[in-house]
Amino acid sequence: MQNEATGAGVLKKSIAIDTLFHGLFTDPPFECSPDKDIVDILLDGGVTAISTTVTDDNYPASFTDCCKEIHKYYLLEETCPEKVVVATSAADIERAKKEGKLAVILSTQGAFVFEQDLRYISLLNKLGLKIVQLTYNQQCFIGSGVFEPEDKGLSRFGQQCIYEMNRVGMLIDLSHVGYRTSMEAIETSMDPVVFSHSSCKAVSNHVRNASDEQIKALAKKGGVIGLCPHSVMCDEDQSRWPTVDRYIDHMVHVAELAGVDAIGIGTDRWKRPTLDYRMGRVEFERTCPNWFGKFDGTRKHVQGFNYFDEWENLADHLLRRGFHEDEVGKILGGNLLRLYRRVWDKQ
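Being a predicted model, the structure only gives us computed values, none of them experimental.

Within this structure, the stated rule accounts for two cavities of 30 Å³ or more. Here the largest cavity is characterised by a volume of approximately 40 Å³. Taken together, Asp27, Pro28, Pro29, Phe30, Arg269, Trp270, Lys271, Arg272, Thr274, Tyr307 and Phe308 make up the lining of the largest cavity. In terms of residue class, the lining of the largest cavity is made up of six nonpolar, one polar and four charged.

Okay, here's the thing in structure tokens:
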């Protein structure tokens, strides 16, 4: 029987989760106005929840820095209670879907905020920080990032952090983490983990993408990889702008390798060439030369899943590629919701 589902229909009834977003308070989309802000644009696009980066380790962030940044998100919830909820449980995300609100999940890219003090993990968890990436691109006291010439693996303190994160119900994120460190983290953790915004090295050999071994190890423990639609990570050929179907090639690969239940979405935030974006790009490429490749701010993500309003288009293309309606729902956010429930709500 022919599948009569539509992308719009699947998206409407699904919980759509972006497992890596950042810049909620900076670089507003061009459509923002006194009557419409970025939260409205996310909701209009069909998104239920975003995991937003509170701090990242591009520059070191302290425990105090993290606390101050967390305050902004509770202030956002207080300012816009009719459309924002800070989510610390799977039930919060489900409630946001029913009430037409955006669930905001607090996360970091890097763990400098722990300051080598295990007590800060439980304190930050109590403040609502629910996802922490173990390293950024470089070495830290937990382990090695993907750009380190030598991956030294998980440190003893890193092991202790994982034990404590497991205990309090804080999800471990392994994007930007080196191969050896990530594999040791998966083995050490009693809980499943997430790659919040990586794609498949076997499909496109990019330093930030995950290998088949990493994906299989992740899936074996019930984890999810949030596949990232960055153009430079989806296709090695930079002579053309990759399409949404090239992005879906990564989903097909994961499905064949480890099953549909291991697939999620992590956009790393849509961008347009505003002044804030252009400045950030110049700064980032000082230490990661040519990271963005030949793709400017209007083509930073794949054609067809390149902006807030194209989640429906992604769902349509997934259906056309042979994914069933229930599988599309899992990819859009169902798998991540299951993962969040298992890690956060176990106590």
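The subject of this paragraph is the nonpolar core. Formed by 82 residues in total, the largest nonpolar core has its most connected members in Phe114, Ile142, Met251 and Leu314. When neighbours within four sequence positions are excluded, Ile142 is seen to be in contact with Ala111, Phe114, Leu134, Gly153, Leu154, Ser155, Phe157, Gly158 and Cys161. The next biggest cluster of nonpolar side chains, apart from the first, holds 20 residues, and it includes Ala90, Val224, Leu337 and Leu339.

Another point: the layout of surface pockets. Taken as a whole, the largest pocket encloses approximately 1100 Å³ of empty space. Lining the largest pocket are 35 residues, with His22, Gly23, Asp56, Asn58 and Lys271 positioned closest to its centre. Elements represented by at least two residues in the lining of the largest pocket include exactly β2 (49-56), α3 (63-79) and α11 (275-287). With six residues, α11 is the single largest residue contributor to the lining of the largest pocket. A breakdown of the residues in the lining of the largest pocket according to their chemical character gives 13 nonpolar, 12 polar and 10 charged. When its volume is computed, the second largest pocket comes out at roughly 200 Å³. Forming the boundary of the second largest pocket are Ala8, Leu11, Lys12, Leu43, Asp44, Gly46, Val47, Thr48, Ala96, Lys97, Gly100 and Lys101.

Here we take up the packing of helix α10 (residues 244-258) against helix α12 (residues 311-320). It is at 10 Å that the axes of α10 and α12 come closest, and there the two elements cross at 60 degrees. Taken as axis vectors, α10 and α12 run oblique relative to one another. Of the two elements, α10 crosses α12, and the hand of that crossing is right-handed. Between α10 and α12, the residues in contact are Val244, Asp245, Tyr247, Ile248 and Met251 and Asn313, Leu314, His317 and Leu318, respectively. Residue composition of the contact of α10 with α12, grouped by class: six nonpolar, two polar and one charged.

Another aspect to go through is the side chain of Thr53. Checked against the element boundaries, Thr53 lands in strand β2. One polar contact links Thr53 to Gln109, side chain to side chain, over a distance of 3.2 Å.

For the rest of this paragraph, the subject is the packing of aromatic side chains. How two aromatic rings sit relative to each other is set out by the distance from centre to centre and by the angle between their planes. Taken as a whole and judged by the stated rule, the model has 14 aromatic pairs. For the pair Phe141 and Phe157, a centre-to-centre distance of 5.5 Å together with 70 degrees between the ring planes defines the contact as edge-to-face. In this pair, Phe141 sits in the loop between β5 (129-133) and α6 (156-168) while Phe157 sits in helix α6, placing the two residues 16 residues apart along the sequence. Per residue, the accessibility class of Phe141 equals that of Phe157, and both read buried. Both rings, one in Phe284 and one in Trp291, keep their centres 6.1 Å apart while their planes meet at 85 degrees; by these two values the pair is edge-to-face. Residue class for Phe284 comes out buried when judged on its relative accessible area of 14%. Ring pairing ties together the aromatic residues Tyr247, Trp270, Phe305 and Trp311, which thus form one cluster. The ring of Tyr307 has Arg272 sitting right over it, with the charged end atom 4.0 Å from the ring centre.

Let us look at the pairing of strand β1 (residues 17-21). When you tally the buried positions in β1, you get five out of five residues, the bulk of the element. Inspection of the sheet shows β1 paired to β2 by three bridges, in the parallel sense. Across the sheet, residue Phe21 finds its bridge partner in β2, namely Thr52. On the question of chirality, the crossover connecting β1 to the parallel β2 by way of helix α2 (residues 38-44) is right-handed.

Its 17 residues place the ends of α3 25 Å apart at the C-alpha level, agreeing with the 24 Å of an ideal helix rising 1.5 Å per residue. Where α3 is buried, its residues meet β2, β3 (84-86), β4 (102-109), α5 (119-126) and β5.

In this section: the environment of Trp270. Here Trp270 lies in the loop between β9 (263-265) and α11. A C-alpha to C-alpha distance of 9.2 Å links Trp270 and His22, two positions 248 residues apart in sequence. The contact partners of Trp270, leaving out residues within four places of it in the chain, are Pro229, His301, Phe305, Asn306, Tyr307, Phe308 and Trp311.

The rules behind each value
- Residues numbered from 1 in each chain as written.
- Predicted model: local features only at pLDDT ≥ 70, side-chain atom pairs only at ≥ 80, totals over all residues.
- Heavy atoms only, no water.
- 1 Å grid on protein atoms, 1.4 Å probe; cavity = no way out; pocket = protein on both sides within 12 Å on 5 of 7 lines; lining within 4 Å.
- Points joined across faces, edges and corners; volume = space filled by probe spheres on them.
- Nonpolar A, V, L, I, M, F, W, Y, C, P; charged D, E, K, R; others polar.
- Core = buried A, V, L, I, M, F, W, Y, C linked by side-chain atoms within 4.5 Å.
- Buried < 20%, exposed > 50% of the residue type's maximum accessible area, 1.4 Å probe, protein only.
- Contact = heavy atoms within 4.5 Å.
- Helix = DSSP H or I, 4+ residues; strand = E, 2+ residues; numbered from the N terminus.
- Axes fitted to C-alpha atoms, helices over the stretch in contact; angles between N-to-C directions.
- Parallel < 35°, antiparallel > 145°, perpendicular 65-115°, else oblique.
- Left-handed = near helix turned anticlockwise from the far one by under 90°.
- Polar contact = N/O pair within 3.5 Å; in protein donor to acceptor, adjacent residues only side chain to side chain.
- Phe/Tyr/Trp six-rings, centres within 6.5 Å; stacked < 30°, edge-to-face > 60°.
- Lys NZ or Arg CZ within 6 Å of the ring centre and 35° of its normal.
- Pairing = 2+ DSSP bridges.
- Right-handed = clockwise from strand over helix to strand, strands pointing away.
- Expected span 1.5 Å × (residues − 1).

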